[in-house]
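For reference, the chains in residue letters:
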Amino acid sequence: MPHEQATSPSSRSDYAVRFGWGVAGLRSLGPQCAVLVVVDVLSFATAVDVATAVGAHVLPLPHRDDRAGEAAAAAGAVLAGSRSAGGYSLSPGSLADVPPGTLVGLPSPNGATLCSEAAGMDAVVFTGCLRNAAAIASAAGAAARNGPVGVIAAGERRPDGSSRLAAEDLLGAGAIISALPVPAASRSAEADLAARTYEASDDLARDVRESDSGRELAAWGYRGDVELALARDTSSTAPRLHTGVFSHH
């Protein structure tokens, strides 16, 4: 039996578009890709899109604890709180009227955590959602300069610290991959499957509303967050990370 090499199959591929899930996906694809796109539809990437569209800036933070507060204070950012607190939060609607130029420190266990880690990688980093899928695809394709694009679906972190797949992030990633200006044959099998899953959805709104995350937000009284996230390609904003902060590209 031939001796297997230690490198992963994805690291030996020539695919222009690659796809992964969560922290493991980010760490696998990060060293391989010229551009990384982190997708967290409900709700980090949607919140960043809404905030940067009105001229604000977003500092992704991995923790909602003293370290997040300290990082926000050090950067001169306004720290977002919980949805129930009534101020800036992961609720996208809370960021629709942020004054232009405001720096908002936005913690989340999924999208913000991934983006915070991605900031230390040698890649151009975007965060995308259904609202700006076409804009993100265009910006990512241009920034890649013929290098690989890695699309990372954030998924959801359970209370016990484990992760689960998130249907809305698969669909958001698929929307971006589908819109990237590369032939389908240039996608990895995983990236192509994500794109085809999005393209095959005959009722995207239903699929997102009925996802675990969509039903959870609705049960908590934040159905409006889901509806904002469903405004497909209504935004021309492509939030790009520069020196650790997202701004409109």
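Residues numbered from 1 in each chain as written. Predicted model: local features only at pLDDT ≥ 70, side-chain atom pairs only at ≥ 80, totals over all residues. Heavy atoms only, no water.

(A) Layout of the pairing of strand 2 (residues 35–39). Of all the 5 residues making up strand 2, 5 are buried; the element is thus mostly covered by neighbouring parts of the structure. Side chains of strand 2 alternate between two faces, with Val35, Val37 and Val39 and Leu36 and Val38 buried alike. When strand 2 meets strand 6 (residues 124–128), the two strands line up parallel, connected through 5 bridges. Paired with Val38 across the strands is Thr127, a residue of strand 6. (Buried < 20%, exposed > 50% of the residue type's maximum accessible area, 1.4 Å probe, protein only. Helix = DSSP H or I, 4+ residues; strand = E, 2+ residues; numbered from the N terminus. Pairing = 2+ DSSP bridges.)

(B) The arrangement of the environment of Phe44 in detail. Examined against the element boundaries, Phe44 turns out to sit in helix 2 (residues 44–53). Spatially, the C-alpha atoms of Phe44 and Ser188 are 26 Å apart, while their sequence positions differ by 144 residues.

(C) Spatial organisation of the packing of aromatic side chains. Counting across every chain of the model gives 2 aromatic pairs. Seen from the ring of Tyr222, Arg83 lies directly overhead, with NZ or CZ sitting 5.5 Å from the centre. (Phe/Tyr/Trp six-rings, centres within 6.5 Å; stacked < 30°, edge-to-face > 60°. Lys NZ or Arg CZ within 6 Å of the ring centre and 35° of its normal.)

(D) Representation of the side chain of Ser43. If you trace the backbone, Ser43 turns up in the loop between strand 2 and helix 2. A residue is classified by how much of its surface remains accessible, and Ser43, at 4% relative accessible area, is buried. In this structure Ser43 touches Arg83, Leu90, Pro92 and Leu217, once residues within four positions along its chain are discounted. (Contact = heavy atoms within 4.5 Å.)

(E) Region of interest: the packing of helix 1 (residues 22–29) against helix 4 (residues 111–118). Here helix 1 crosses helix 4 at 20°, and the two axes come no closer than 10 Å. With respect to helix 4, the axis of helix 1 lies roughly parallel. Relative to helix 4, helix 1 is oriented so that their crossing is right-handed. For the pair helix 1 and helix 4, contact is made by Gly22, Val23, Leu26 and Arg27 and by Leu114, Glu117 and Ala118, respectively. For the contact of helix 1 with helix 4, the per-class residue count stands at 4 nonpolar, 1 polar and 2 charged. (Axes fitted to C-alpha atoms, helices over the stretch in contact; angles between N-to-C directions. Parallel < 35°, antiparallel > 145°, perpendicular 65-115°, else oblique. Left-handed = near helix turned anticlockwise from the far one by under 90°. Nonpolar A, V, L, I, M, F, W, Y, C, P; charged D, E, K, R; others polar.)

(F) A look at the pattern of salt bridges. Summed over all chains, the structure comprises 9 salt bridges. Of the charged contacts, one joins Arg206 and Asp202 as a salt bridge, the two residues approaching to 3.2 Å between their closest N and O atoms. Relative accessible area serves as the criterion here: at 39%, Arg206 is assigned to the partly exposed category. Arg209 serves as the salt-bridge partner of Glu227, at 2.9 Å between the closest nitrogen and oxygen. With a gap of 18 residues between them, Glu227 in helix 10 (residues 223–229) and Arg209 in helix 8 (residues 204–209) connect regions that are remote in the sequence. What makes Glu227 partly exposed here is its relative accessible area of 32%. Of the residues examined, Arg209 reaches a relative accessible area of 33% and is grouped as partly exposed. The structure contains a network of salt bridges with shared partners spanning Arg187, Asp192 and Arg196. (Salt bridge = Lys/Arg side-chain N within 4 Å of Asp/Glu carboxyl O.)

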